[in-house]
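# A closer look at the structure
Spelled out, the chains give:
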Amino acid sequence: MTDAFVEIANALVLGLEAVGMAVIMGGFVLATVVWLVNMRNRSTHEAYVDYRRRSVRGLILGLEFLVAADIIKTVAIEYTMESVLMLALIILIRTMLVFALHLEIEGRLPWAQSADDSKT
């Protein structure tokens, strides 16, 4: 590979990682601001559930950016058996984390229809 290609791929990976971290932090900041604004109008439990739902959505979206960065890094820069196996492990862990977070905030499996989805 040429040095220019590796530099561009590294810059892309760093950019995706930065976006992923910003999305995660932004999700928590936004959830906190919304919680503080709406805290007076809701019960404590409703405010807590809404806070968790908003913050976890930001976390899930941010993890998607981080997985994309890992894929590009492995395929375009460090294509070795060790890096591919490490990528597989990272994706497995992140997939299980996203699955667990989705189940936690939605209360159902990702592929199961909710009552609202079945009406459309």
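Residues numbered from 1 in each chain as written. Predicted model: local features only at pLDDT ≥ 70, side-chain atom pairs only at ≥ 80, totals over all residues. Heavy atoms only, no water.

### Quick look at the overall build of the protein
This is how it is decided: Helix numbering and strand numbering both begin at the N terminus, where a helix is a DSSP run of H or I of at least 4 residues and a strand a DSSP run of E of at least 2. The reference for a compact globule is 2.2 Å times residues^0.38; the radius of gyration itself is calculated from the C-alpha atoms. Partly exposed describes any residue whose relative accessible area lies between the buried limit of under 20% and the exposed limit of over 50%, with all areas from a 1.4 Å probe on protein chains only and scaled to the type maximum. The contact criterion used throughout is that any non-hydrogen atoms of two residues lie within 4.5 Å. For the area figures, the Shrake-Rupley method with a 1.4 Å probe applies, and any residue is considered shielded solely by the protein chains shown. Counted as positive: Lys and Arg. Counted as negative: Asp and Glu. His and the chain ends are not counted at all. Charged side chains are reduced to one point each, which is NZ for Lys, CZ for Arg, CG for Asp and CD for Glu.
For the protein, the helix and strand inventory stands at 4 helices and 0 strands. Starting at the N terminus and walking to the C terminus, you meet the elements of the protein as α-α-α-α. For 120 residues, the compact-globule estimate of 2.2 N^0.38 gives 14 Å, and the C-alpha radius of gyration of the protein, at 18 Å, exceeds that figure by more than 25%. Overall, the C-alpha framework of the protein stretches about 60 × 30 × 25 Å when taken along its three principal axes. By the burial criterion, 26% of the 120 residues in the protein qualify as buried. Intrachain contacts of the protein at a sequence separation of at least 6 include 69% that bridge at least 24 residues. Accessible surface, the protein: about 8,200 Å² in total, of which carbon and sulfur atoms supply 68%. If you average the places of the 10 positive and of the 13 negative side-chain charges in the protein, the two averages end up 14 Å apart.

### Quick word on the nonpolar core
Here is the rule we go by: Put simply, buried Ala, Val, Leu, Ile, Met, Phe, Trp, Tyr and Cys residues joined by side-chain atoms within 4.5 Å make one nonpolar core.
I24, V56, L59, I60, L63, L66, V98, L101 and I105 form the largest nonpolar core, which has 9 residues in total. Within the residue set of this core, elements represented by two or more residues are α2 (44–77) and α3 (81–106). Among the elements that take part in this core, α2 stands out by supplying 5 residues, more than any other.

### What about the pattern of salt bridges?
As a reminder of what qualifies: For salt bridges, the criterion is a side-chain nitrogen of Lys or Arg within 4 Å of an Asp or Glu carboxyl oxygen.
Counted under the stated rule, the structure contains 3 salt bridges. The salt bridge involving D50 is made with R54; its shortest N-O contact spans 3.1 Å. Of this pair, D50 and R54 both sit in helix α2, 4 residues apart, which is roughly one turn of that helix. Since its relative accessible area comes to 15%, D50 is described here as buried. By relative accessible area, which is 34% here, R54 ends up partly exposed. Taken together, the shared-partner salt bridges connect R42, D50 and R54 into one network.

### Things to note about the side chain of D70
Relative to the helices and strands, D70 is located in helix α2. Once you skip the residues sitting within four places of it in the chain, D70 turns out to touch E17, L87, I90 and R94.

### Side note on the confidence of the model for the protein
Stated precisely, the cut-off is as follows: Scored between 0 and 100, pLDDT is the confidence that the predictor attaches to each residue.
Looking at the protein as a whole, its pLDDT mean stands at 85, while 92% of the residues score no less than 70. Taken element by element, the predicted model of the protein shows its lowest mean pLDDT in helix α4 (residues 115–118) (58) and its highest in helix α1 (residues 3–38) (92).

### A word on the packing of α2 against α3
The criterion, for reference: With axes taken as lines fitted to C-alpha atoms, and helix axes fitted only over the stretch in contact, angles between N-to-C directions fall between 0 and 180 degrees. Any angle from 65 to 115 degrees is called roughly perpendicular, while one under 35 is roughly parallel, one over 145 is roughly antiparallel, and all others are oblique. Handedness of each helix crossing follows the sense of rotation of the near helix against the far helix: counterclockwise by less than a right angle gives left-handed, clockwise gives right-handed. For this scheme, ten residues count as nonpolar: Ala, Val, Leu, Ile, Met, Phe, Trp, Tyr, Cys and Pro. Four count as charged, namely Asp, Glu, Lys and Arg, and the remainder, Gly too, count as polar.
Packing of α2 against α3 leaves a shortest axis separation of 10 Å and a crossing angle of 165°. In terms of orientation, α2 and α3 fall into the roughly antiparallel class. Here the hand of the crossing between α2 and α3 comes out left-handed. When grouped by side-chain class, the residues that make up the contact of α2 with α3 number 15 nonpolar, 3 polar and 8 charged.

### Here's the deal with the environment of E104
Inspection of the secondary structure puts E104 in helix α3. Taking relative accessible area as the criterion, E104 reaches 47% and is therefore assigned partly exposed. Linking E104 and R53, residues 51 residues apart in sequence, is a C-alpha distance of 8.7 Å.

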